[in-house]
Amino acid sequence: MPIPEEIKALKPTDYGAVEIRCISGHFYVYEISSKWDPAKGKARKVTGKSVGKITLKDGFVPNEYGTRQITPLHPLVKNYGAYAILQQLSGSLEKNLRDIFPDIYREISVVAMLQLVTGCRGKRIKREFEASCLNDIHPDLSCSDYTVRSLIGKLGIRNAEMAAFMRLYVKSGSKLMFDGTSIFTRADDSFAQRGYNPDHKKQTQVRLLYIFDRSSYTPVFYRMISGNVADKAALKETIAASGCKNCIVIGDKGFYSKKNVSFLMDNKMTYILPLQYNTKLIPGEFAQNKDDHKFDGCFVYKGRNIWHKTLESGIKGNKVYIFRDDKRKLQEEVHFMQKKEADYEGTENSTIFDDDRRGMIAFVSNTGETAKQVYMSYRERWDVEQCLDYLKNSVQIGASHKRTNEELEAWSFINHVSLLYFYGLVKVLREQKLNEKYSPEDILSIGRNIYLVREHYYDKESRLSEVPKKDKELLETLGVKLI
C-alpha cells in the first residue's frame, strides 16, 4: 500500500534517515542506514528498529526505543545565516534548477550550498546537512554518503540537461570572456590526461574551459576537456555548445589561431584575442625600432604609460593592436637580470637589451574600437581570472584519486552551481558598491555565526541567535531578511 502524502508529511526529523512502513493498515517508522556490499559492488539498505508510529489524529508517537533515541542526533542549534544569504541572493537559480532537473533539483541545490559553506564532501555532508537549517527545509532528504553517490550517478549521465541549464545564462549580444583552468588528478578516466600545467611542466590533469559574462558578472558556461587538449582547439566546440549569438568573445593567449578567427568571423562574432609573445603579426622592423615615434600615441592606465600602435590585418576588418607598457617592460628586465644572476652568477649588462619585445602585448580584433578601448576591454578579464580563483579557493574544487567521466561531469556541475550561488553574493556587493569594503567570504563568515535555536528537541518553533546590529544592517542592505 502506498504511503499517503498526509502521513509522509508527519515523518519525524529527529532520528536521521527513517522510512515509513504500512503494516496491517497502521503506519510505523523505522530507522534505516546503508552498508557497502562488496559482493554486489554497491551499497544496500539496512533496516533498523522501529522508533514509533504515525496516525493522522496524534501525528508521530515515539515508542520506548524511539524516546531513548531522540537524544542529540539533531542539535538544538542549526546553522542558518550563510544558507539564508545564498538562497535569498541567488535570483532565479533554484527556479532554473527545478525547471531543468525537476526530480533532483533539491539535492543539487543542497549539496552545492553545503559544499560552498562548509567545504565538505563525502561522509561529512550528512553531518553538516543535519546541523543546518536545510534539514528543516527538506526533512525528507538524508544526504547520506549513499544518497550523494546516487545523486552523482544520476546527474553524471545527464549532459544534455546540464548544458541546457547553463545556456539559460548565456544571453545574446553579451561580452563573453573565455579562460581555462586545470584540475590536477590521478583519476582513471579518459578526461585525465598528461598536459602542460601553468609552469609548462606535464602533469595529469583535466581542463575546464569557462565562459564569464562581463555584463552580468556571472560565470555562465563551462566545458570539460581532456588535459592534453589545448584551449584554442576547444574554443569552437565550446562556443557552439553554449549557444551564444552575436557575442563579443574575449580570450586569453591560448585561444588565438587562424581557424578560430575564421570561425568567429563566419558566425558574425566580434572578438579580442591576445597573441603569443613570439607572434609574427608584430613586424620585426617595428619591434627593433627603438624610437617611440613608431607608435600612434600613448595613454595612461593605472599610473603607467601605455604606448599603442594599430596595424591593418587582412581585408575583413581585422586589426592588430600593439601595446607597450613601460612599467611592465622595466619589471621584465629586472626579472630577467635576477634570473641570469641566479643561473650564471653574473651576466653581461648588454644582454638585457637583446629582447625587443619586452613589455609588449598584442591583440587581433575586429571590434572596430580604438586602441584604448581594446586594451581596457581586455583588462576587464580580471573578472574571469578572479572567477577561476573563487572556483579553486572558495568553492574548493578537487578531484578524487578515482573517478569515472560521469562522476567528474557531475561534480563539475555541482561546483558550477556552487559558483552561481557565490556570484549571487558577488553581484549584490557590486550593486551596493560594497565590494571594495567587503568580500563575499566576509559576508559568508558573518552568516556562519547566525543560528536557529530550539529550546527543546520537541519544539517546532525556532528563534534566531543574537546578531550584532552592524551585521544585521549590512545584511538588510544586501537584501537578506533574517527570520
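Looking at unusual backbone geometry
Positive phi outside glycine occurs at Tyr217, with the angle close to 50 degrees. Structurally, the position occupied by Tyr217 is in the loop between β8 (202-213) and β9 (218-226). Even without being a glycine, Asn246 presents a positive backbone phi close to 50 degrees. Position of Asn246 among the secondary structure elements: in the loop between α10 (231-242) and β10 (248-250).

What to know about the confidence of the model for the chain
Across the chain, the average pLDDT comes to 84, with 86% of residues at or above 70. Counting contacts from residues 349-353, a segment whose pLDDT is below 50, to residues more than four positions away or on other chains yields seven contacts.

Describing the pattern of salt bridges
For the structure shown, the criterion picks out 14 salt bridges. We note a salt bridge from Arg149 to Asp145, for which the minimum N-O separation is 3.4 Å. Of this pair, Arg149 and Asp145 both sit in helix α8 (residues 145-156), four residues apart, which is roughly one turn of that helix. What you see here is one network of salt bridges that share partners, running through Glu19, Arg21 and Lys45.

Side note on the sheet that holds strand β16 (residues 451-453)
Strand order in the open sheet made by the three strands is β5-β16-β17, with antiparallel pairing throughout. In this open sheet, the two strands that pair with only one neighbour each are β5 (77-79) and β17 (463-464). Strand direction decides the pairing type here: β5 and β16, joined by three bridges, are antiparallel. What sits directly across from Asn79, in β16, is Tyr451.

Quick word on the nonpolar core
In summary, soluble globular proteins display a tendency toward joint burial of nonpolar side chains. By size, the foremost hydrophobic cluster in this structure holds 120 residues, and its most contacted members are Phe101, Phe165 and Phe413. If one sorts the elements of this core by residue count, helix α16 (residues 405-431) sits on top with 15 residues. In contact with Phe165, other than residues within four places in its own chain, are Leu93, Asn96, Leu97, Ile100, Phe101, Phe413, His416 and Leu420. Core analysis: the next-biggest nonpolar cluster, separate from the first, contains ten residues, Ile3, Tyr15, Val18 and Val29 among them.

Overview of the sheet that holds strand β4 (residues 59-62)
The sheet built from four strands is open, its strands ordered β1-β2-β3-β4 with antiparallel pairing. Edge positions in the sheet fall to β1 (18-23) and β4, since each of these pairs with one other strand and no more. The sheet shows a mean angle of 50 degrees between the axes of neighbouring strands, direction not considered. Pairing between β1 and strand β2 (residues 26-37): six bridges, direction antiparallel. By the bridge assignment for β2, Cys22 is matched with Phe27.

Quick word on the pairing of strand β11 (residues 270-274)
Counting buried positions over the five residues of β11 gives four, a clear majority of the element. For β10 and β11, the ladder comprises three bridges, and the chain directions are parallel. Pairing of Val249 across the sheet is with Tyr271, part of β11. Read as a crossover between parallel neighbours, the route from β10 over helix α11 (residues 258-266) to β11 is right-handed. Note: β11 against strand β15 (residues 360-365), three bridges, orientation antiparallel. Each bridged residue has a counterpart across the sheet, and for Leu273 the counterpart in β15 is Val364.

Digging into the state of the cysteines
Taken as a whole and assessed by the stated rule, the structure comprises zero disulfides. Here Cys244 stays unpaired: no disulfide links it, and the sulfur of Cys247, its closest cysteine neighbor, is 4.3 Å away. You can call Cys244 buried: its relative accessible area is 4%.

Some thoughts on the packing of aromatic side chains
What the rule picks out here adds up to 15 aromatic pairs. Members of the aromatic cluster, connected to one another through ring pairs, are Phe299, Tyr301, Phe323, Phe363, Tyr375 and Tyr378. A cation sits over an aromatic face here: Lys294 above Phe286, 4.6 Å from the ring centre. The side chain of Arg430 reaches across the aromatic face of Tyr217, ending 4.0 Å from its centre.

Description of the environment of Glu332
Note that Glu332 resides in helix α13 (residues 326-344). Separated by 27 residues in the primary sequence, Glu332 and Gly359 have C-alpha atoms spaced 6.9 Å apart. In this view, Glu332 contacts Tyr277, Arg358 and Gly359; residues no more than four positions away in its chain are not counted.

Some details on helix α17 (residues 440-448)
Considered for burial, the residues of α17 that qualify are Pro440, Ile443, Leu444, Ile446 and Gly447. Seen end-on, α17 carries its buried residues on one side only, within an arc spanning 155 degrees.

Considerations on the packing of helix α4 (residues 93-100) against helix α9 (residues 159-167)
Think of two packed helices as two axes; the pair is described by the angle between the axes and how far apart they sit. At their nearest, the axes of α4 and α9 sit 10 Å apart, and the two run at 145 degrees to each other. Considering only the axes of α4 and α9, their crossing is right-handed. In this structure, α4 contributes Leu93, Asn96, Leu97 and Ile100 to the contact, and α9 contributes Glu161, Ala164 and Phe165. Looking at the contact of α4 with α9 residue by residue, the classes come out as five nonpolar, one polar and one charged.

Conventions used here
- Residues numbered from 1 in each chain as written.
- Predicted model: local features only at pLDDT ≥ 70, side-chain atom pairs only at ≥ 80, totals over all residues.
- Heavy atoms only, no water.
- Helix = DSSP H or I, 4+ residues; strand = E, 2+ residues; numbered from the N terminus.
- pLDDT = per-residue confidence, 0-100.
- Contact = heavy atoms within 4.5 Å.
- Salt bridge = Lys/Arg side-chain N within 4 Å of Asp/Glu carboxyl O.
- Pairing = 2+ DSSP bridges.
- Core = buried A, V, L, I, M, F, W, Y, C linked by side-chain atoms within 4.5 Å.
- Buried < 20%, exposed > 50% of the residue type's maximum accessible area, 1.4 Å probe, protein only.
- Axes fitted to C-alpha atoms, helices over the stretch in contact; angles between N-to-C directions.
- Right-handed = clockwise from strand over helix to strand, strands pointing away.
- Disulfide = S-S within 2.5 Å.
- Phe/Tyr/Trp six-rings, centres within 6.5 Å; stacked < 30°, edge-to-face > 60°.
- Lys NZ or Arg CZ within 6 Å of the ring centre and 35° of its normal.
- Arc of directions from axis to C-beta.
- Left-handed = near helix turned anticlockwise from the far one by under 90°.
- Nonpolar A, V, L, I, M, F, W, Y, C, P; charged D, E, K, R; others polar.

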